[in-house]
Amino acid sequence: AKNGFSMSNRVAVEEITATKTLTVDDCGKHFSVDTAGGAIVVTLPALADAEDGWNASFHVVSGSAARANFTVSSPAADVNVRAFLVQGTAEGIATTTAQTNLLIPAASQKSGDRIEIVAVKSAYEATAFVSGALTVS
């Protein structure tokens, strides 16, 4: 019998509680990020390996008041994150300038903050939905 909720429609979910380097096999995953245990840096795979369409999303889930910085970073060889859209308490910002890091600082981090990443041509394009600040560098 055909199941109306196919396994192919499910999104793989993985919890991150410590610094992690992603691989091409992490494509399509949704990461729940809990920074209560300390700062977390997630490094993306090299663009040459990831190729167009590689994607991942990150969702801050910490219910603790003891939060730490959360950073999504390009690999050392690539300065390739661009096109940010930030929605929160202030107006959004957007840039096409290549960056290396997206940082949601501990001081303004809230459960529900989200970053979505997609590899497009020669860069990772990021869309961030945060309640407070997002720092790019």
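What follows concerns the overall build of the protein chain. When its secondary structure is counted, the protein chain shows 1 helix and 12 strands. Mapped from its N terminus to its C terminus, the protein chain presents α and β elements in the order β-β-β-β-α-β-β-β-β-β-β-β-β. Out of the 137 residues belonging to the protein chain, those deemed buried represent 38%. Put simply, 66% of the contacts in the protein chain that link residues at least 6 apart link residues at least 24 apart. Carbon together with sulfur atoms contributes 52% to the accessible area of the protein chain, which is approximately 7,100 Å² in total.

Taken as a whole and assessed by the stated rule, the structure comprises 3 aromatic pairs. Ring pairing ties together the aromatic residues Phe 31, Phe 58 and Phe 70, which thus form one cluster.

For strand β3 (residues 29–33), the tally of buried residues reaches 5 of 5 residues, placing the bulk of the element in the interior. Side chains Lys 29, Phe 31 and Val 33 of β3 all project onto a buried face; the interleaved residues His 30 and Ser 32 project onto the opposite face, where all are buried too. Where strand β1 (residues 13–16) lies against β3, 4 bridges are found, and the strand directions are parallel. If you follow Glu 15 over to β3, its bridge partner there is Ser 32. Sheet topology note: the β3/strand β5 (residues 55–60) ladder contains 5 bridges and is parallel. Bridging across to β5, Lys 29 finds its partner in Ala 56.

On to the sheet that holds strand β9 (residues 101–104). Taking strand neighbours across the sheet as the criterion, the 5 strands line up as β2-β4-β6-β9-β12 in an open arrangement whose pairing is mixed. Because the sheet does not close on itself, it has two edges, and the strands there are β2 (20–21) and β12 (135–136). Sheet analysis places strand β4 (residues 40–43) next to strand β6 (residues 70–73), joined by 4 bridges and oriented parallel. Directly across from Val 42, in β6, lies its bridge partner Val 72.

The next subject is the nonpolar core. The tendency in soluble globular proteins is for nonpolar side chains to be buried as a group. Leu 44, Trp 54, Phe 58, Phe 70, Ile 115, Ile 117 and Tyr 124 are the most contacted members of the largest nonpolar core, which totals 26 residues. Residue assignment for this core shows that the elements contributing at least two residues are β3, β4, α1 (47–50), β5, β6, β9, β10 (114–120) and β11 (123–129). Apart from the residues lying within four places of it in its own chain, the contact partners of Phe 58 are Leu 22, Phe 31, Val 33, Val 42, Leu 44, Phe 70, Val 72, Asp 113, Arg 114, Ile 115 and Ile 117.

Structurally, the position occupied by Pro 45 is in the loop between β4 and α1. If sequence neighbours within four positions are ignored, Pro 45 has contacts with Leu 22, Thr 23, Val 24, Ala 50, Trp 54, Pro 75 and Tyr 124.

A few words on the pattern of salt bridges. Tallying each qualifying case throughout the model produces 4 salt bridges. A salt bridge links Lys 20 to Glu 14; the shortest N-O distance between them is 3.0 Å. One salt bridge connects Asp 26 with Lys 29, and the closest N-O pair in it is separated by 2.9 Å. Within this structure, Glu 14, Lys 20, Asp 26 and Lys 29 form a network of salt bridges that share partners.

Cut-offs applied
- Residues numbered from 1 in each chain as written.
- Predicted model: local features only at pLDDT ≥ 70, side-chain atom pairs only at ≥ 80, totals over all residues.
- Heavy atoms only, no water.
- Helix = DSSP H or I, 4+ residues; strand = E, 2+ residues; numbered from the N terminus.
- Buried < 20%, exposed > 50% of the residue type's maximum accessible area, 1.4 Å probe, protein only.
- Contact = heavy atoms within 4.5 Å.
- Areas by Shrake-Rupley, 256 points an atom, 1.4 Å probe, with all protein chains shown as cover.
- Phe/Tyr/Trp six-rings, centres within 6.5 Å; stacked < 30°, edge-to-face > 60°.
- Pairing = 2+ DSSP bridges.
- Core = buried A, V, L, I, M, F, W, Y, C linked by side-chain atoms within 4.5 Å.
- Salt bridge = Lys/Arg side-chain N within 4 Å of Asp/Glu carboxyl O.

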